[in-house]
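A structural walkthrough
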Amino acid sequence: MYFYIKLSGLPWKATENEIANFLVDCNIVGNVVIIKEEHGRPSGDAVVKLRGKSDLEKAMKCDRKYLHDRFIVIEEITSDTYNKHNVNVDNVEEASKQENAFLKLSGLVWTATEEDIKTFLDDCTVTEVVITTNEGGKPSGNAFVCLEDKLDTEIAKGHD
């Protein structure tokens, strides 16, 4: 059984390796995931997947310890929270092998729904819509749309 933690208060310059080393003797599964804010800059938070309960206990001993002169808060989180921030490279590679095409929509009104986006792109075959949210869980004004093929992408670009 895996366990998941979130580290908060990280210095923006902290690297994945530094965070992994900060979690002394913890067996980390995969990579440390540094959470980025809307513009791609580090948010000061990271999530980590740990191999077992003993690793969680070791990690919690690092709570409120310092990294680059900043104390770090560590809390246990759910797998859902971890997965929200972790992009699975295998899934991205698999998706790129398919014919599907993706678009990023920006500047959406905060009240835009998945149905609104599908209605806006009614002449395209939309297979999935993901509306991104900020740390507070509110819509960010951006969405990613998966279309059936590249022709749909060209049609959608005409909606600009």
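Before any of the text, the structure's been laid out above.
This structure is a prediction, so every number in the text was calculated from the model and none was measured.

1. Notes on the nonpolar core
Ile5, Leu7, Ile19, Phe22, Leu23 and Ile74 are the most contacted members of the largest nonpolar core, which totals 20 residues. Mapped onto this core, the elements with two or more residues apiece are strand 1 (3-8), helix 1 (16-22), strand 2 (28-36), strand 3 (42-50) and helix 2 (53-60). Beyond its immediate stretch of four places on either side in the chain, Ile19 contacts Leu7, Leu10, Ala14, Val32, Ile34, Ala46 and Leu67. Leu121, Val126, Ala143 and Val145 belong to the second-largest nonpolar core, a separate cluster that totals 11 residues.

2. Section: the sheet that holds strand 2
The four strands lie next to each other as 2-3-1-6, forming an open sheet whose pairing is antiparallel. Sheet topology places strand 2 and strand 6 (73-77) at the edges, where each strand pairs with a single neighbour. Strand after strand, the sheet turns through a mean of 25° between neighbouring axes, direction not considered. Sheet topology places strand 1 next to strand 6; five bridges connect them, and they run antiparallel. Across the sheet, Leu7 pairs through a bridge with Ile74, a residue of strand 6.

3. Re the side chain of Ser140
Here Ser140 is to be found in strand 9 (residues 139-147). Residue Ser140 is classed as buried on the basis of its relative accessible area, which comes to 7%. At 3.3 Å, the side chain of Ser140 and the backbone nitrogen of Asn142 are in polar contact. Aside from chain neighbours lying at most four places away, what touches Ser140 is Glu38, Trp110, Thr132, Thr133 and Asn134.

4. Thoughts on the environment of Leu50
Within the secondary structure, Leu50 is located in strand 3. Classification of Leu50 as buried rests on a relative accessible area of 0%. In contact with Leu50, not counting residues within four places along its chain, are Tyr2, Phe3, Ile5, Cys26, Asn27, Ile28, Val29, Asp55, Leu56 and Ala59.

Calculation criteria
- Residues numbered from 1 in each chain as written.
- Predicted model: local features only at pLDDT ≥ 70, side-chain atom pairs only at ≥ 80, totals over all residues.
- Heavy atoms only, no water.
- Core = buried A, V, L, I, M, F, W, Y, C linked by side-chain atoms within 4.5 Å.
- Buried < 20%, exposed > 50% of the residue type's maximum accessible area, 1.4 Å probe, protein only.
- Helix = DSSP H or I, 4+ residues; strand = E, 2+ residues; numbered from the N terminus.
- Contact = heavy atoms within 4.5 Å.
- Pairing = 2+ DSSP bridges.
- Axes fitted to C-alpha atoms, helices over the stretch in contact; angles between N-to-C directions.
- Polar contact = N/O pair within 3.5 Å; in protein donor to acceptor, adjacent residues only side chain to side chain.

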